[in-house]
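If you want the building blocks of each chain, they are given just below.
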Amino acid sequence: MPRYLVEAYVPRAPARAAGAPVGLLLEVAREMTGEGAAVRVIRQTSIPDDDTCFYVVEADSIKIVRELCIRARLESARAVEAFEHPSD
């Protein structure tokens, strides 16, 4: 399944609130999977000093990832296909 990198602006205060934003992203991914869309959040990396979060998401298409972001209230997120390469 293809992987995508999602970059989202997440203000510091809400990012530390319970359930935000990765909790909501995981919840929406579960809902979408229940609706028949293949989508899974693999990893989150937060950069609090830049108010930025990066998510690695597996999905059948970029369209599914964009729908995930909209439903998780990350409308301004940028999503692109990504490839991971193991380091030696």
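Below is a short write-up of the structure. Here the structure is a predicted model, which means the values were calculated and not measured. (Residues numbered from 1 in each chain as written. Predicted model: local features only at pLDDT ≥ 70, side-chain atom pairs only at ≥ 80, totals over all residues. Heavy atoms only, no water.)

Quick notes on the nonpolar core
And step 1. If you look at the biggest cluster of nonpolar residues, it comprises 23 residues, and the most contacted ones within it are Val-39, Tyr-55, Val-57, Val-65 and Leu-68.
And step 2. Taken together, the elements giving at least two residues each to this core come down to strand 1 (3–9), helix 2 (22–34), strand 2 (39–47), strand 3 (52–59) and helix 3 (62–71).
And step 3. It is helix 2 that provides the largest number of residues to this core, a total of 5 residues.
And step 4. If we ignore the near neighbours within four places in the chain, the residues touching Val-57 are Pro-2, Arg-3, Tyr-4, Val-6, Val-39, Arg-40, Val-41, Ile-42, Val-65 and Leu-68. (Core = buried A, V, L, I, M, F, W, Y, C linked by side-chain atoms within 4.5 Å. Buried < 20%, exposed > 50% of the residue type's maximum accessible area, 1.4 Å probe, protein only. Helix = DSSP H or I, 4+ residues; strand = E, 2+ residues; numbered from the N terminus. Contact = heavy atoms within 4.5 Å.)

Here we look at unusual backbone geometry
And step 1. The backbone phi angle of Asp-51 is positive, close to 55°, even though this residue is not glycine.
And step 2. The buried category is assigned to Asp-51, whose relative accessible area is 19%.
And step 3. Non-glycine residue Arg-73 carries a positive phi angle of around 65°.
And step 4. Assignment of secondary structure puts Arg-73 in the loop between helix 3 and strand 4 (78–82).

Topic: the packing of helix 2 against helix 3
And step 1. Running from N to C, helix 2 and helix 3 cross one another at 125°; their axes reach a closest spacing of 9 Å. Considered as vectors, helix 2 and helix 3 are oriented oblique to each other. Crossing handedness for the pair helix 2 and helix 3: right-handed. Between helix 2, through Leu-25, Val-28, Ala-29, Glu-31 and Met-32, and helix 3, the contact on the second element is made entirely by Ile-64, Glu-67, Leu-68 and Arg-71.
And step 2. Split by residue class, the contact of helix 2 with helix 3 holds 6 nonpolar, no polar and 3 charged. (Axes fitted to C-alpha atoms, helices over the stretch in contact; angles between N-to-C directions. Parallel < 35°, antiparallel > 145°, perpendicular 65-115°, else oblique. Left-handed = near helix turned anticlockwise from the far one by under 90°. Nonpolar A, V, L, I, M, F, W, Y, C, P; charged D, E, K, R; others polar.)

Concerning the pattern of salt bridges
And step 1. Going through the model one piece at a time under the given rule, you end up with 7 salt bridges.
And step 2. In this structure, Glu-84 and Arg-43 form a salt bridge, with 2.9 Å as the shortest nitrogen-oxygen distance. Taken as a pair, Glu-84 in the segment after strand 4 and Arg-43 in strand 2 lie far apart in primary sequence, 41 residues in all.
And step 3. Accessibility expressed as a relative area gives 44% for Glu-84, which makes it partly exposed.
And step 4. Here the salt bridges do not stand alone but share partners, grouping Arg-3, Arg-40, Arg-43, Glu-58 and Glu-84 into one network. (Salt bridge = Lys/Arg side-chain N within 4 Å of Asp/Glu carboxyl O.)

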